[in-house]
Amino acid sequence: MTDQVHLGAVTEFYDTHPINEQQILDKLRQDGFDPNDISEDILQNYDQDHYGGTEANDALAALAAINSSCHVLDVCSGVGGPSRYLAHNYGCQVTGIDLTESRIATATRLTALAGLEHLVTYKCANALDLPLPDGSIDVVISQEAFCHIPDKNRLISECTRVLKPGGRIAFSDILTTDTTRSTTRRQLQQQLTFTDLVSQQTYRQLLEQNGCKVEFHDLAKEWRSILADRLAMYRSLKQQTVDRYGEAHFQKWDDAYSFFVGLYETGELTGGRFLAVRSDSN
């Protein structure tokens, strides 16, 4: 798959994702909230499109020592749930970047609804070419997004380039194991646009080559439960998904996600959370 074809596939994947602006606003109204009169304390319960919700945000914040003095870069920020949460709860400035224009537009609108435009901004950009100066960021975060990005070497190089000396990268991602088959890799790329999946050891090597000390936390057991719950959640959105994108799209998504979740039961996939600290001498 060429880079351009892959970029288009990722964009289409998130343009038609079950978790989207309309779904978030509809759920808020269903629960009795006026989307035009909400705070982040309410919104943060509806817009966390990653594994583990707000608890996962807090885990990254604790690992990376995020506080009000930090400028945080959220790589592949999606609809902006983590960036808004961190800004509101930790007082930090956050820049979110994402490849998909519809996600950037959604994140910007939701941030305005939550009244956080003074702390959070978004840019449509490729993670392999970050639109930020060298040494300008205190903390880089990302959650289950690097799996969509080819050329992990360049990705890690870009993330470390924008870090200040002593800066931190805190991220979680989908990881391969010794039993991951080539057929599984191909199916995941075709169905979920996961490309160039790598192991814990590969990430550690790349981060160390870029001047970082690395800490790893295994999430395999935790994610097995979380992913089963997410599959059930996606299925609960069937009618909304069918109404918006059609029955065939829902079935295609359900088949792909069911296959993906099963790989955590068989051990072909695992997950982990990383902290990488850039050397003060870089």
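Everything here concerns the structure above.
Each chain carries its own residue numbering, running from 1 in the direction its sequence is written. Only residues with pLDDT of at least 70 are given local features in this predicted model, and only at 80 or more are side-chain atom pairs given and counted; all residues enter the totals for whole chains, interfaces and linings. For side-chain calculations, the full set of non-hydrogen atoms in the structure is used, while hydrogens and water are omitted.

Visitor: Got a minute to help me understand the environment of Glu40 in this structure?
Guide: Numbering of helices and strands runs from the N terminus, with a helix taken as a DSSP run of H or I at least four residues long and a strand as a DSSP run of E at least two residues long. Relative to the assigned elements, Glu40 resides in helix H3 (residues 40-43). Along the backbone, Glu40 and Leu110 are 70 residues apart, and their C-alpha atoms lie at a distance of 9.4 Å. Any two residues whose heavy atoms approach within 4.5 Å at even a single point are treated as in contact. Beyond its immediate chain neighbours, meaning those up to four positions away, Glu40 contacts Gly81, Arg84, Tyr85, His88, Ala114 and Leu116. A distance of 3.4 Å separates a polar atom in the side chain of Glu40 from the backbone nitrogen of Tyr85. In protein, a polar contact requires one atom able to donate a hydrogen and another able to accept it; more generally it is a pair of N or O atoms within 3.5 Å, and residues adjacent in sequence count only if both atoms are side-chain atoms.

Visitor: Just checking my understanding: could you explain the sheet that holds strand E4 (residues 137-143) for this structure?
Guide: Backbone hydrogen bonds are what pair the strands of a sheet, in a parallel or an antiparallel way. Being paired, for any two strands, means DSSP has found at least two bridges between them. Taken in spatial order, the 7 strands line up as E3-E2-E1-E4-E5-E7-E6 in an open sheet, and their pairing is mixed. Among the strands making up the open sheet, the edge pair consists of strand E3 (120-124) and strand E6 (212-218). Pairs of neighbouring strands in the sheet enclose a mean axial angle of 20°, with direction left out of account. Of the pairings in the sheet, the one linking E6 to strand E7 (residues 269-278) comprises 7 bridges and is antiparallel in character. All axes here are fitted lines through C-alpha atoms, helices being fitted over the stretch that makes contact, and every angle between N-to-C directions spans 0 to 180 degrees.

Visitor: For this particular structure, what's the right way to read the packing of helix H8 (residues 182-192) against helix H12 (residues 247-266)?
Guide: Relative placement of two packed helices is described by the angle separating their axes and the distance separating the axes. Two numbers describe how H8 lies on H12: the axes approach to 10 Å, and their chain directions differ by 140°. As judged from the angle between their axes, H8 and H12 are oblique. Between H8 and H12 lies a crossing whose hand is left-handed. Here H8 contributes Thr184, Gln187, Leu188, Gln191 and Leu192 to the contact with H12, which in turn contributes Ala256, Phe259, Phe260 and Leu263. Grouping the amino acids of the contact of H8 with H12 by side-chain chemistry returns 6 nonpolar, 3 polar and no charged. Note on angle classes: values under 35 degrees are labelled roughly parallel, values over 145 roughly antiparallel, values of 65 to 115 roughly perpendicular, and the remainder oblique. What makes a crossing left-handed is the near helix being turned counterclockwise from the far one by less than a right angle; a clockwise turn instead makes it right-handed. Under this grouping Gly is polar, as are all residues other than the nonpolar Ala, Val, Leu, Ile, Met, Phe, Trp, Tyr, Cys and Pro and the charged Asp, Glu, Lys and Arg.

Visitor: I tried to follow helix H5 (residues 81-90) on my own but got confused; where do I start?
Guide: Side chains of residues three or four places apart in an α-helix project in the same direction, reflecting 3.6 residues per turn. Among the 10 residues in H5, 7 count as buried, and that is most of the element. Throughout, exposure labels follow a simple rule: accessible area from a 1.4 Å probe, protein chains only, divided by the maximum for the residue type, with under 20% read as buried, over 50% as exposed, and the rest as partly exposed. When H5 is considered as a whole, its buried residues turn out to be Gly81, Pro82, Ser83, Arg84, Tyr85, Leu86 and Ala87. Positive phi shows up at Gly91, right after H5, with a value of about 75°.

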